[in-house]
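Residue-level structure breakdown
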Amino acid sequence: MTPLLQLKSKILKSQFGQRLDKALVELFPNYSRSYIKKLILNNKVEINNKIINEPKKKMFGCEQIVIHIFNEVNIHSRPQKIPLDIIYEDDEILVINKPQNLVVHPGAGNLDGTVLNALLYYYPKIIHVPRAGIVHRLDKNTTGLMVITKTIFAQMSLVKDLKLRKIIRIYEAIINGCISTDGIIDMPISRHPIKRTCMAINLMGKPAITHYKVIECFRAHTRLKVKLETGRTHQIRVHMAYINHPLVGDLVYGHRLKLLKNFSKEFNCVINNFNRQALHATTLSLYHPRTGIKMKWHIDIPTDMIMLINLLKSDKITYKNKINL
């Protein structure tokens, strides 16, 4: 397998007069301007079959572009027979329901056993798509819907749509504490200055907007529907912790709670030992990259969250009956 990928495109007429690096960022939204500039300076960009290493070069429109990028997937990943719960598939995309305890992309401490490894086994040609077709990620212990692209065209299209907020992602979450009204959290997020595997609210960070709607209130918890307007790493978890309502089971951004007064030992045990953040990507909506048709998928919450909700409901009913005696 070749270590290089060739990404091809065409400068748009509307990009007349733009710098080469800026034009390429618009055409290849997967990559930052600094990365694109580095490729240009390292002779990895061809315009009309000629290598160009001047980021400032002005475009006229309609030039044929070829970018040669290093395919990191070849180094770090190998095909592995890991089951994928495929909800939808065609020639351009597939949609999966990711289970808990499954990392999406290899990284430090998780060089294999990931969604990416599973994709390389299930559809070997995906090795020729940047990032093996992964458009967006879910945390290791967040469950639910993800879209994967099977072609370079589809990936560039959906990554662009993601940045333009045309892809809709809706989650269900169970949080600690009671919220009675719907709301919006608009606080920027960046890498934590000390805990580099974590994220944090930072006024100098990237914009991050989360909408939440109350589904059901319990005695000391709330079930929410959450919609992402932006897609920062750990966004929902960080935002919920910021308003002092961390997700049940989130020991990174929350904390192991003290025993709640007037609750049974069994109730406290279940809540404090829920072994992941109570977060599930229930709904995914996008425009198909090839046909332009709007598509939508919904997947019910998994068993562990259903059991948690049933516990919260049961406790609420029991408590209400007691105070009405």
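The sections below set out a description of the structure shown in this document. As the structure is a computational prediction, the values presented were derived from the model and not from experiment.

Conventions adopted
- Residues numbered from 1 in each chain as written.
- Predicted model: local features only at pLDDT ≥ 70, side-chain atom pairs only at ≥ 80, totals over all residues.
- Heavy atoms only, no water.
- Helix = DSSP H or I, 4+ residues; strand = E, 2+ residues; numbered from the N terminus.
- Buried < 20%, exposed > 50% of the residue type's maximum accessible area, 1.4 Å probe, protein only.
- Areas by Shrake-Rupley, 256 points an atom, 1.4 Å probe, with all protein chains shown as cover.
- Lys, Arg positive; Asp, Glu negative; His and termini not counted.
- Charge placed at Lys NZ, Arg CZ, Asp CG, Glu CD.
- Pairing = 2+ DSSP bridges.
- Core = buried A, V, L, I, M, F, W, Y, C linked by side-chain atoms within 4.5 Å.
- Contact = heavy atoms within 4.5 Å.
- Axes fitted to C-alpha atoms, helices over the stretch in contact; angles between N-to-C directions.
- Parallel < 35°, antiparallel > 145°, perpendicular 65-115°, else oblique.
- Left-handed = near helix turned anticlockwise from the far one by under 90°.
- Nonpolar A, V, L, I, M, F, W, Y, C, P; charged D, E, K, R; others polar.
- Salt bridge = Lys/Arg side-chain N within 4 Å of Asp/Glu carboxyl O.
- Patch = residues over 30% accessible without salt bridge, like charges linked within 9 Å, V, L, I, M, F, W, Y side chains within 5 Å.
- Phe/Tyr/Trp six-rings, centres within 6.5 Å; stacked < 30°, edge-to-face > 60°.
- Lys NZ or Arg CZ within 6 Å of the ring centre and 35° of its normal.

1. Focus: the overall build of the protein
A count of helices and strands for the protein gives 8 helices and 15 strands. Its C-alpha atoms put the protein at 85 × 45 × 40 Å along the principal axes. Within the protein, the proportion of its 325 residues that are buried is 49%. Of the roughly 17300 Å² of accessible surface on the protein, 54% is carried by carbon and sulfur atoms. Of note, the protein has its 49 positive side-chain charges centred 5 Å away from the centre of its 24 negative side-chain charges.

2. Quick word on the pairing of strand E4 (residues 64-70)
Two faces, one strand: in a regular strand the side chains alternate between the faces of the sheet. Where burial is concerned, most of E4 is hidden: 5 out of the 7 residues are buried. Inspection of the sheet shows strand E1 (residues 4-10) paired to E4 by 7 bridges, in the antiparallel sense. Residue lysine 8 lies in a different strand from E4, and its bridge partner there is valine 66. Sheet analysis places strand E2 (residues 45-47) next to E4, joined by 3 bridges and oriented antiparallel. Paired with valine 45 across the strands is isoleucine 67, a residue of E4.

3. Structural notes on the nonpolar core
Judged by nonpolar contacts, the single largest core of 32 residues is most densely connected at Tyr171 and Met240. Among the elements that make up this core, the one with the highest residue count is helix H4 (residues 115-122) (4 residues). Excluding its chain neighbours within four sequence positions, the residues that come into contact with tyrosine 171 are Leu138, Thr142, Leu224, Lys225, Val226, Leu228, Ile236, Leu279, His280, Ala281 and Thr282. Of all hydrophobic cores here, the second largest spans 20 residues; its members include Leu24, Tyr31, Ile36 and Leu39.

4. Some points on the environment of isoleucine 309
Within the secondary structure, isoleucine 309 sits in helix H8 (residues 303-323). Taking the C-alpha atoms as reference, isoleucine 309 lies 15 Å from tyrosine 171; in sequence the two are 138 residues apart. Apart from residues no more than four positions distant in its own chain, isoleucine 309 is found in contact with Ile174, Phe218, Arg223 and Ile301.

5. Observations concerning the sheet that holds strand E3 (residues 50-51)
Here we have 4 strands laid out as an open sheet, ordered E1-E4-E2-E3, and antiparallel in their pairing. The open sheet is flanked by E1 and E3, the only strands paired with a single partner.

6. So, the packing of helix H1 (residues 20-27) against helix H2 (residues 33-41)
Relative orientation of the contacting elements H1 and H2 amounts to 120°, with a least axis distance of 9 Å. The angle between H1 and H2 falls in the class oblique. Between H1 and H2 lies a crossing whose hand is right-handed. Counting all contacts with H1, which are made through Leu20, Asp21, Lys22, Leu24 and Val25, the residues of H2 involved are Arg33, Ile36 and Ile40. For the contact of H1 with H2, the residue count by class is 5 nonpolar, no polar and 3 charged.

7. Quick word on the pattern of salt bridges
Scanning the model with the defined rule gives 11 salt bridges in all. A salt bridge links arginine 19 to aspartate 21, with the shortest nitrogen-to-oxygen separation between them at 2.8 Å. On the accessibility criterion, arginine 19 (23% relative accessible area) is partly exposed. Given the relative accessible area of 1%, aspartate 21 is considered buried.

8. Quick word on unusual backbone geometry
Phi at alanine 132 is positive, roughly 50°, even though this residue is not glycine. For alanine 132, the position within the fold is in the loop between H4 and strand E7 (143-149).

9. Observations regarding a positive patch on the surface
On the surface, Lys213, Lys225, Lys227, Lys294 and Lys296 cluster together to form a positively charged patch. Examined against the element boundaries, lysine 294 turns out to sit in strand E15 (residues 294-298). On the basis of relative accessible area, lysine 294 is assigned to the exposed category, the value being 55%.

10. So, the side chain of glutamine 235
With respect to the helices and strands, glutamine 235 occurs in helix H6 (residues 235-242). When residues no more than four places from it in sequence are discounted, the contact partners of glutamine 235 are Ile189, Ala208, Ile209, Thr210, Leu228 and Thr230.

11. A word on the packing of aromatic side chains
Taken as a whole and assessed by the stated rule, the structure comprises 4 aromatic pairs. Above the ring of phenylalanine 263, the side-chain terminus of arginine 219 is found at 3.7 Å from the ring centroid. The ring of phenylalanine 153 carries arginine 290 above its face, with NZ or CZ at 4.0 Å from the centroid.

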